[in-house]
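# Structural overview
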Amino acid sequence: MNLHEFQAKALLSEYGVPIPKGIIANSAEEAQKAALNIGGGSWIVKAQIHAGGRGKAGGIKRENSPADVAAAANHLIGSRLVTYQTGAAGKRVNQVYIEAACEISQEIYLAVLVDRSTARIAFLGSPTGGEDIEEKAADDPDRIHKLVVEDFEHLDHQALTGFISGLGLDGANTQQAVSTAQALFKAFKDCDASLIEINPLVVTSAGELLAVDVKMILDDNALFRHQELEKYRDEEEEDPAELEAKRYELNFVSLDGNVGCVVNGAGLALATLDLLKDNGVEPANFMDIRPVATREQVATGFEMVLAAPGIKAVLVNIYGGGILRCDTIAEGIALAARRKGVTVPLIVRAAGTNMELCQKVLTSQGIPAQFARDITQAVEMVIAATSQEAA
Amino acid sequence: MAILVDSNSRIICQGLTGDTATFHCEKAIAYGSNIVGGVRPGKGGSIHLGLPVFDTVEEAKTTTGADVSLVFVPPQNAADAIIEAIEAKIPLIVCVTERVPVLDMVRVKKALEGTPSRLIGPNSLGIITPEQCKIGVMPTHRHFAGPIGVVSRSASLTYEAIDQLYTVRLGQSTSIGIGGDAVHGIGFVDCLELFLADPQTEGVLLIGEIGGTAEEETAEFLKRSIIKKPIAAYIAGKYAPTDRRMGHAGTINVFGKGSVKEKNEALASAGVHIASSAAVIGTTMRQALGR
């Protein structure tokens, strides 16, 4: 689960991470009031969406009067922000965070994550922070310093100080950054985070250390033990179809193309996406059926696949295994087809447990479908179906 | 020969009495797997599927001589179940549970260090040595004994790969799902070491995904390895949406590392035959063997 910047900052400040003064606003009036309450002569207006790259997309504005803060808020709220992480449709801005602007004399990067190669919690840090850190890191991996935390229970002070000392801060700021890193580590473990990233962590011209932007992701698998964090969930940030699907033991991903896809399993979904796109076919969505899904759940999911705008064909590529049976999926599809009708070509490739029943179920219920013997033939059928449609 | 498990493996199941565990253990027994008991705290002394149920792994191991534990415990308790098996010195622990919190796995990995136990999973389809024993959830109708070792990060893609190996008439020595989570037990390199040393295994098929650097580390290992065998690989996720989760948790990345292109290049530089799409996994493996 992603947190908004303002949520992450509120949470981390409870742990002692220094943050600029800020107030969340739902309207231009609230934004103006926020600026007055914060005080000072300069403010940053920041669009609150779950995506990076906001600055370059115009989602972060510096303003020098409360009236200009209100105008910027008015412009951002209700607009759709398109960043390199949002896809072409962008994300709707519902709230802006108003923050006291600060004069920056130095910017660094600091993050905590689970380092998969060592199976440990690790810190990443860089003496250069800022928006294009990813490109800089790609050009020069040595810019990124890493501290692997050997003992989950205990963060070694000496090792941490050594690591922070490598980030190019002066003495007093190094001490502050060590405390900040300790706070991050505690918050990371307490909240079952999978990533906390401060970028940039700045030193102001007044010599103060501040977390100017924060990204925090929680481990979805651990939310069962964090009722207290549920309040941070923002369902408006999630794709409505993807949200709906979760209630039915389905993973649903909306994409921009015109072929609906039903698969089982994460790897098969990725492989099917690759195969389709390599052949010039653009998927509209992917419905990944979890093994525990029932006939009714599959039916609901299939209706969602069909509901995608501009859909021209549907590909079902399933490999029954574990407790997932092909006939359960076929019955779900048949149920949805009877309820809603299928007006586009339906291509079915079913293998594995009870594969022979899949064709039997669909055929006996009069559902028109083309049956492929393997993944290659299935893709050929999809190409034929979508190009006929275009002609 | 095969690796890790065979018809002599003595298997217990932690969580045996649950519905899903019952379903899969019945199938495994029918396949010939030597399941000798189960563990379910509070149900010790009862009988399930005709097998003795114990309160603890320690007790189960002492009584049955088990050397493999299949963990079918819900995600909330999976890490503790694995750690119990580690403490009981079970040599091979196979965890199929999905959605285990990643920090729990950090704890498990620490507990594994310096012990004789190996962990497969979590979020794994399990392990199968065809015609001898299956420990996990995989369908078995396309598996037969043969020369290929399979190691995979994805269950559904393994089924696809096994189907294609069947079509090109290549059976398996052993097939292992290492699981799709970011932090997991044994990996590609551990499995490759065993497959390269196994006389039955003539070639190895790797099924990878975007995310992490396991494939890159595998390439480095293969370059150093003195034993050479034909190896084929398919890596999924060329077009996976950026910064969105499509698929396993392990496919998410910080700093955009671990693309399919980088992984394929690294593996190809180590002499691995790369399947250009999921449709040609079987034929690529056959070509790698020179058949």
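Note that the structure is predicted; figures quoted are calculated from it, not measured.

Time to look at the overall build of chain A. Scanning chain A from terminus to terminus reveals twelve helices and 18 strands. Projected onto the principal axes, the alpha-carbon positions of chain A cover approximately 75 × 50 × 40 Å. Expressed as a percentage of its 391 residues, the buried residues of chain A come to 56%. Within chain A, contacts between residues separated by at least 24 positions form 68% of all contacts whose residues are at least 6 apart in sequence. Looking at chain A as shown, the accessible area adds up to about 15,900 Å², and 49% of this sits on carbon and sulfur atoms. The distance from the centre of the 35 positive side-chain charges to the centre of the 53 negative ones in chain A is 4 Å.

So, about the packing of helix α5 (residues 157-165) of chain A against helix α6 (residues 171-190) of chain A. Residue and element names in this part refer to chain A. Packing of α5 against α6 leaves a shortest axis separation of 9 Å and a crossing angle of 125°. It follows that α5 is oblique to α6 by the angle criterion. Crossing of α5 over α6 shows right-handed handedness. Counted together, H157, L160, T161, I164 and S165 of α5 and T174, A177, V178, A181 and Q182 of α6 form the full contact between these two elements.

Looking at the assigned domains, one finds that chain A contains domain 1 (1-20 + 103-238), domain 2 (21-101) and domain 3 (239-390). Between domain 2 of chain A and domain 3 of chain A, the C-alpha centre-to-centre distance is 41 Å.

Moving on, we come to the side chain of D327 of chain A. All names here are of chain A. Counting through the fold element by element, D327 comes out in helix α10 (residues 326-340). For D327, a relative accessible area of 7% gives the class buried. Separated by 3.1 Å, the side chains of D327 and N354 make a polar contact. In this structure, D327 is in contact with N354, L357 and V361, ignoring residues within four places of it in sequence.

Residues and elements named next belong to chain B. On the basis of which strands lie adjacent, the open sheet formed by seven strands has the order β3-β4-β2-β1-β5-β6-β7 and mixed pairing. Unpaired on one side and paired on the other, β3 (47-48) and β7 (118-120) mark the two borders of the sheet. Here strand β6 (residues 92-95) pairs with β7 via three bridges, running parallel. Directly across from I93, in β7, lies its bridge partner L119.

Okay, the sheet that holds strand β14 (residues 259-263) of chain A next. Residue and element names in this part refer to chain A. The strand order across the open sheet formed by six strands is β13-β15-β14-β16-β17-β18, and the pairing between neighbours is mixed. A strand with exactly one partner marks an edge of an open sheet, and here the two such strands are β13 (250-254) and β18 (370-371). In the sheet, strand β17 (residues 346-352) pairs with β18 via two bridges, with the strands oriented parallel. Across the sheet, residue V348 finds its bridge partner in β18, namely F371. Together, β14, β15 (283-289) and β16 (313-320) form the strand contacts of helix α8 (residues 266-278), whose direction differs from that of β15 by roughly 160°.

Facing the 59 residues of chain A at the interface are 60 residues of chain B. Together, R116, L270 and Y319 of chain A form the three largest contributors to the area buried by chain A at its contact with chain B, with a combined 16%. Remark: the boundary between chain A and chain B carries five salt bridges. Between D278 of chain A and K238 of chain B there is a salt bridge; the shortest N-O distance is 3.0 Å. There are 13 residue pairs in polar contact (both at pLDDT 80 or more) connecting chain A and chain B. Here the residues of the side of chain A that touches chain B are counted per class, giving 30 nonpolar, 13 polar and 16 charged.

A few words now on empty space enclosed by the protein. Throughout the structure, instances matching the rule amount to one cavity of 30 Å³ or more. Volume-wise, the largest cavity comes out at about 60 Å³. Lining the largest cavity, in full, are Y319 of chain A together with L125, I128, M138, P139, H141, R142, H143, T158, Y159, I162 and S175 of chain B. By residue number, the principal contributor to the lining of the largest cavity is helix α5 (residues 155-167) of chain B, which donates three residues. Looking at side-chain class alone, the lining of the largest cavity contains seven nonpolar, four polar and one charged residues.

All names here are of chain A. Inspection of every chain in the model, using the stated rule, returns five aromatic pairs over all chains. Ring centres 6.3 Å apart and planes at 35° place the aromatic pair F6 and Y97 in the tilted group. You can see F6 sitting in helix α1 (residues 5-14) and its partner Y97 sitting in strand β6 (residues 96-100), a full 91 residues away along the chain. Residue class for Y97 comes out buried when judged on its relative accessible area of 5%. An aromatic cluster of at least three residues, connected via ring pairs, comprises F123, F163 and F185. A cation over an aromatic ring shows up here: K189 above the ring of F152, its NZ or CZ 5.0 Å from the ring centre.

Rules used in this analysis
Going along each chain's sequence as written, the residues are numbered from 1 onward. Just so you know, chain letters begin at A and ligand numbers begin at 1, following the order they were written in. Local features in this predicted model are restricted to residues whose pLDDT is 70 or higher, and side-chain atom pairs enter the listing and the counts only when it is 80 or higher, whereas totals over whole chains, interfaces and linings include all residues. Excluded from the side-chain calculations are hydrogens and water; all other atoms, namely the structure's heavy atoms, are used. Numbering of helices and strands starts at the N terminus; helices are DSSP runs of H or I of at least 4 residues and strands are runs of E of at least 2. Summary of the burial criterion: residues with accessible area below 20% of their type's maximum are buried, those above 50% are exposed, and those between are partly exposed, where the area comes from a 1.4 Å probe applied to protein chains only. Contacts: residue pairs with any heavy atoms within 4.5 Å of one another. The accessible surface values rely on the Shrake-Rupley method and a 1.4 Å probe; as for residues, cover is taken only from the protein chains in view. Residues scored as positive are Lys and Arg, those scored as negative are Asp and Glu, and His as well as the terminal groups of each chain are ignored. The atom standing in for a charge is NZ when the residue is Lys, CZ when it is Arg, CG when it is Asp and CD when it is Glu. Axes here mean lines fitted to C-alpha atoms, for a helix over just the part in contact, with angles spanning 0 to 180 degrees between N-to-C directions. Roughly parallel here means an angle under 35 degrees, roughly antiparallel means over 145, roughly perpendicular means 65 to 115, and every remaining angle is called oblique. The crossing is said to be left-handed when, going from far helix to near helix, the turn is anticlockwise and less than a right angle, and right-handed when the turn is clockwise. For every domain, the bounds stem from an assignment made automatically or drawn from a database. N or O atoms within 3.5 Å of each other form a polar contact, as long as, within protein, one can give a hydrogen and the other can take it, and as long as residues adjacent in sequence are counted only when both atoms are side-chain atoms. Being paired, for any two strands, means DSSP has found at least two bridges between them. Two parts lose some accessible area (1.4 Å probe) when they are put together, and adding that loss for both gives the buried area. For this document, the term salt bridge refers to a Lys or Arg side-chain nitrogen within 4 Å of an Asp or Glu carboxyl oxygen. Just so you know the grouping, Ala, Val, Leu, Ile, Met, Phe, Trp, Tyr, Cys and Pro go in nonpolar, Asp, Glu, Lys and Arg go in charged, and all remaining residues, Gly too, go in polar. Detection works on a 1 Å grid of protein atoms alone, calling trapped sets that fit a 1.4 Å probe cavities and calling open sets with protein on both sides within 12 Å along at least five of seven lines pockets, with lining residues defined by an atom within 4 Å of a point. Grid points are joined across faces, edges and corners, and a volume is the space filled by probe spheres set on the points. Here a Phe, Tyr or Trp ring, Trp counted by its six-membered ring, pairs with any other such ring whose centre lies within 6.5 Å, and the pair is stacked when the planes are under 30 degrees apart, edge-to-face when over 60, and tilted otherwise. Lysine and arginine charges are scored as sitting over a ring when NZ or CZ, respectively, is within 6 Å of the ring centre and within 35 degrees of the ring normal.

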